[in-house]
Amino acid sequence: MTDFHRALRSLRVWDTDLPSFDPADAPSEPLPLFHSWFTAAVAAGQTEPHTLSLATADGDGRPDVRTVMLHDADARGWHFASHSTSAKGRQLAARPEAALGFYWPVQGRQVRVRGRVTTGSPEEAHADLHARSTGALASALTGRQSEVLDSLRTLAGASGEAWRRAEAEPDAPVPTWTLYVVEPSEVEFFQGDDRRRHVRLRYRRDPAPGGGWTRELLWP
């Protein structure tokens with residue numbers, strides 16, 4: 001057995017006391033439950049609970065996934081941001097749908113979101129970026145996300161110049177920075193159970209204009 005396989009076999013899942021979850025007490029819409037679970041994850045000491053897996057597909061239908069940060073979750077949907085010229089930006093332009101996955105192992109919880117993706121206004125994108133740190137602005141100013149890089153030296157030079165500009169011009173515009181909003185059609189809440197009787201509650205939105213939500217349990 002290799003070191004990799006020994007390490008893999010040694011791992012255990014949810015070596016902690018898991019919270020209970022009674023779907024009968026869940027609200028009629030998914031957003032309040034997401035807010036509740038998110039704040040509970042923060043209170044429980046979950047590392048980086050605002051990170052999520054973002055899945056998209058390109059124009060040929062080939063899937064792609066990466067980790068991004070949640071910027072907000074409100075009545076419009078789940079927000080994240082990136083350059084419109086990045087791989088994810090190009091994929092979303094070709095196929096404006098996405099899936100999100102949150103995993104909070106400290107409580108054995110997952111949240112999955114699927115839906116159509118829209119973009120915020122340029123003013124919203126500007127405000128979103130400039131509400132963040134100098135480092136975030138410098139990274140955005142560096143640009144060229146997902147393009148081929150010839151060397152780390154080139155990156156260091158571009159990053160250094162971007163940092164200098166971010167510090168000198170804290171309101172510097174980044175025209176390609178885009179705020180994306182996933183408008184949910186489905187949201188699933190997964191509560192792990194140490195006897196593997198996991199609780200899965202899915203919300204499905206009625207596609208009719210102004211439609212409400214249907215709640216249903218899923219087999220683990």
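Details of the structure are given in the entry above.
These numbers were taken from a predicted model, which means no experiment stands behind them.

Trainee: Run through the nonpolar core, naming residues and quoting values.
Mentor: Side chains of nonpolar character tend, in soluble globular proteins, to be buried together. Membership of the largest hydrophobic core comes to 29 residues, with the highest contact counts inside it found for Phe34, Trp78, Phe102 and Val111. When contributions to this core are tallied by element, the ones reaching two or more residues are α2 (30-43), β1 (51-57), β4 (78-83), β5 (97-104), β6 (109-119), β7 (177-191) and β8 (199-205). Per-element accounting of this core gives the leading share, five residues, to α2.

Trainee: I'd love a proper account of helix α5 (residues 134-142), names of residues and values included.
Mentor: Of all the positions in α5, only Ala136, Leu137, Ala138, Ala140 and Leu141 are classed as buried. Within two residues after α5, Gly143 carries a phi angle of roughly 65°, on the positive side.

Trainee: Quick rundown of the pairing of β1? Include the residues and the values.
Mentor: Strand direction decides the pairing type here: β1 and strand β2 (residues 63-69), joined by seven bridges, are antiparallel. Within β2, the residue paired with Leu52 across the bridge is Val68. As judged from the three bridges shared by β1 and β5, these two strands associate in the antiparallel manner. Each bridged residue has a counterpart across the sheet, and for Ser53 the counterpart in β5 is Gly101.

Trainee: Quick one: what's the story with the environment of Leu179, residue by residue and with numbers?
Mentor: Mapped onto the elements of the fold, Leu179 is located in strand β7. Spatially, the C-alpha atoms of Leu179 and Pro32 are 22 Å apart, while their sequence positions differ by 147 residues. Not counting the four nearest positions on each side in its chain, Leu179 is found in contact with His79, Phe80, Ala81, Thr118, Thr119, Gly120, Glu124, Ala125 and Asp128.

Trainee: How would you summarise the pattern of salt bridges if you had to cite specific residues and measurements?
Mentor: Throughout the structure, instances matching the rule amount to twelve salt bridges. Across the pair Arg62 and Asp58 runs a salt bridge whose closest N-O atoms are separated by 2.8 Å. Relative accessible area serves as the criterion here: at 53%, Arg62 is assigned to the exposed category. Across the pair Arg114 and Glu186 runs a salt bridge, and its minimum N-O distance is 3.6 Å. Taken together, the positions of Arg114 in strand β6 and Glu186 in strand β7 put the pair 72 residues apart, joining distant regions of the chain. Several salt bridges share partner residues, and in doing so they unite Arg112, Glu188 and Arg200 into one network.

Trainee: Can you break down the pairing of β8 residue by residue, with the values?
Mentor: By the bridge criterion, six bridges tie β7 to β8 in an arrangement that is antiparallel. Of the residues in β8, the one forming a bridge with Gln191 is Val199. With six bridges connecting them, β8 and strand β9 (residues 213-218) associate as antiparallel partners. From the neighbouring strand, Arg202 faces β9, where its bridge partner is Glu216.

Calculation rules
Residues numbered from 1 in each chain as written. Predicted model: local features only at pLDDT ≥ 70, side-chain atom pairs only at ≥ 80, totals over all residues. Heavy atoms only, no water. Core = buried A, V, L, I, M, F, W, Y, C linked by side-chain atoms within 4.5 Å. Buried < 20%, exposed > 50% of the residue type's maximum accessible area, 1.4 Å probe, protein only. Helix = DSSP H or I, 4+ residues; strand = E, 2+ residues; numbered from the N terminus. Pairing = 2+ DSSP bridges. Contact = heavy atoms within 4.5 Å. Salt bridge = Lys/Arg side-chain N within 4 Å of Asp/Glu carboxyl O.

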